[in-house]
Amino acid sequence: MNFSSKLLENAVNEVSQLPGIGKRTALRLVLHLLKQPTSQSHQLATALNKLVDDIKLCKKCHNISDVEVCEICANPRRNAEIICVVEDVRDVMAIENTSQFKGLYHVLGGKISPIEGIGPQNLTIDSLIDKVKNGDVKEVIFALSSTIEGDTTNFYIFKQLEKFTVKTSTIARGIAVGDELEYADEITLGRSIVNRIPFENSL
């Protein structure tokens, strides 16, 4: 792809590094930005800069947040005795949209995947174990996608929790095997949370 401008080429190269965006799509997006009012493009740049510089991870659940403790963890109306274990912020958003879950979350930051070099030490599993160890948690719900990596992660955490007197459950398989939670419709996902089953029954 030949560029008439080095600035244009650099912008396209950066945008094309985003997931699912090739060089042609990146070029189309960059040219679109150039056609917009300068103030609008500056607003986008400012928003991205603030995102990178100011974003935090909740110190309790590891969800993306503007403050040290996210709104969900800080809400006194949430049931702190139930923790839903998810992969990332997209899953929190998907479950929250169902309005069926009133407990708290624990964001792992990924799934165990030896092929990608991701082991238990790369996730926030230790802090989840610490929460359960403190004795305040009565139930841990596994809400990872039903993939090999998701099932492996569920089982690993389950084995770590066996020594504690905590109930472990998993969302009902209204979610098709291999599907990611973020793509499930709200009714199906909501029913999967409500109709969760003991984890050992899913083995």
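The shown structure was predicted, so the numbers you read here are calculated from the model rather than taken from an experiment.

S.K.: Whenever I open this one, the pattern of salt bridges confuses me. Can you help?
M.R.: Any two side chains of opposite charge can pair if their charged atoms end up close together. Throughout the structure, instances matching the rule amount to eight salt bridges. Two residues, Lys6 and Glu9, come together in a salt bridge whose shortest N-O distance is 3.6 Å. Separated by three residues within a single helix, Lys6 and Glu9 lie in helix α1 (residues 6-15), roughly one turn from each other. We classify Lys6 as exposed; its relative accessible area is 57%.

S.K.: Help me understand the packing of α1 against helix α2 (residues 23-35), please; the structure alone is not making it clear to me.
M.R.: The relative placement of two packed helices comes down to the angle between their axes together with the axis-to-axis distance. Where α1 meets α2, the closest approach of the two axes is 8 Å, and the angle between their N-to-C directions is 120°. When the interaxial angle is binned, α1 and α2 end up oblique. Once α1 is placed against α2, the crossing between them reads as right-handed. On the side of α1, the interface is formed by Leu8, Ala11, Val12, Asn13 and Val15, while α2 contributes Lys23, Ala26, Leu27, Leu29, Val30, Leu31 and Leu34. Here the contact of α1 with α2 is composed, by residue class, of 10 nonpolar, one polar and one charged.

S.K.: I tried to follow the side chain of Ser113 on my own but got confused; where do I start?
M.R.: Here Ser113 is to be found in the loop between β4 (103-107) and α6 (125-133). Setting aside anything within four residues of it in sequence, one finds Ser113 in contact with Ile118 and Glu149.

S.K.: Got a minute to help me understand the environment of Asp54 in this structure?
M.R.: Within the fold, Asp54 resides in helix α3 (residues 38-54). For Asp54, a relative accessible area of 38% translates into the label partly exposed. In this structure the C-alpha to C-alpha distance between Asp54 and Val67, which are 13 residues apart in sequence, comes to 9.2 Å.

S.K.: Any chance you could explain the packing of aromatic side chains here in plain terms?
M.R.: A ring pair, where both rings are aromatic, is described by two values, the distance of the centres and the angle of the planes. Using the criterion set out here, one finds two aromatic pairs in the structure. Look at Phe155 and Phe158: their rings are 6.4 Å apart centre to centre, the planes differ by 35°, and that puts the pair in the tilted class. A residue pair is termed a helical-turn pair when its members lie 3 or 4 positions apart in one helix, as Phe155 and Phe158 do in helix α7 (residues 148-161) at three residues.

S.K.: Any chance you could explain a nonpolar patch on the surface here in plain terms?
M.R.: Where nonpolar side chains cluster on the molecular surface, the patch consists of Leu33, Leu44, Leu48, Leu51, Val52, Ile55, Leu57 and Ile64 and spans about 710 Å² of accessible area. Looking at the nonpolar patch element by element, the count peaks at four residues for α3. Summarising the element assignment, Leu51 is placed in helix α3.

S.K.: Explain the nonpolar core here, please?
M.R.: Soluble globular proteins tend to pack their nonpolar side chains together in the buried interior. Counting 19 residues, the largest nonpolar core has Val85, Val140, Phe142, Ile157 and Leu161 as its most contacted members. Going through the elements one at a time, β3 (79-86), α6, β5 (139-142) and α7 are the ones with two or more residues in this core. Broken down by element, the residue count for this core peaks at four residues, all from α6. Those residues in contact with Phe142 that lie beyond four places of it in its chain are Val85, Asn154, Ile157, Phe158, Leu161, Thr168, Ser169, Thr170, Ile171 and Phe199. If you look at the next biggest cluster of nonpolar residues, it comprises 18 residues, including Cys58, Val86, Phe101 and Val107.

S.K.: Would you mind going over helix α5 (residues 89-96) with me for this structure?
M.R.: A turn of α-helix holds 3.6 residues, and therefore any two residues three or four places apart point the same way. Residues of α5 that are buried: Asp91, Val92, Ala94 and Ile95. Around the axis of α5, the buried residues are gathered within 165° of arc, so they sit on the same side.

S.K.: I keep staring at the environment of Asn154 and nothing clicks. Help me out?
M.R.: Along the chain, Asn154 turns up in helix α7. The exposure class assigned to Asn154 is buried, which follows from its relative accessible area of 1%. Sequence spacing of Asn154 and Lys111 is 43 residues, and the spatial spacing of their C-alpha atoms is 8.9 Å. Not counting residues within four places of it along the chain, the set of residues in contact with Asn154 comprises Phe142, Leu144 and Phe199.

What counts as what
Residues numbered from 1 in each chain as written. Predicted model: local features only at pLDDT ≥ 70, side-chain atom pairs only at ≥ 80, totals over all residues. Heavy atoms only, no water. Salt bridge = Lys/Arg side-chain N within 4 Å of Asp/Glu carboxyl O. Helix = DSSP H or I, 4+ residues; strand = E, 2+ residues; numbered from the N terminus. Buried < 20%, exposed > 50% of the residue type's maximum accessible area, 1.4 Å probe, protein only. Axes fitted to C-alpha atoms, helices over the stretch in contact; angles between N-to-C directions. Parallel < 35°, antiparallel > 145°, perpendicular 65-115°, else oblique. Left-handed = near helix turned anticlockwise from the far one by under 90°. Contact = heavy atoms within 4.5 Å. Nonpolar A, V, L, I, M, F, W, Y, C, P; charged D, E, K, R; others polar. Phe/Tyr/Trp six-rings, centres within 6.5 Å; stacked < 30°, edge-to-face > 60°. Patch = residues over 30% accessible without salt bridge, like charges linked within 9 Å, V, L, I, M, F, W, Y side chains within 5 Å. Areas by Shrake-Rupley, 256 points an atom, 1.4 Å probe, with all protein chains shown as cover. Core = buried A, V, L, I, M, F, W, Y, C linked by side-chain atoms within 4.5 Å. Arc of directions from axis to C-beta.

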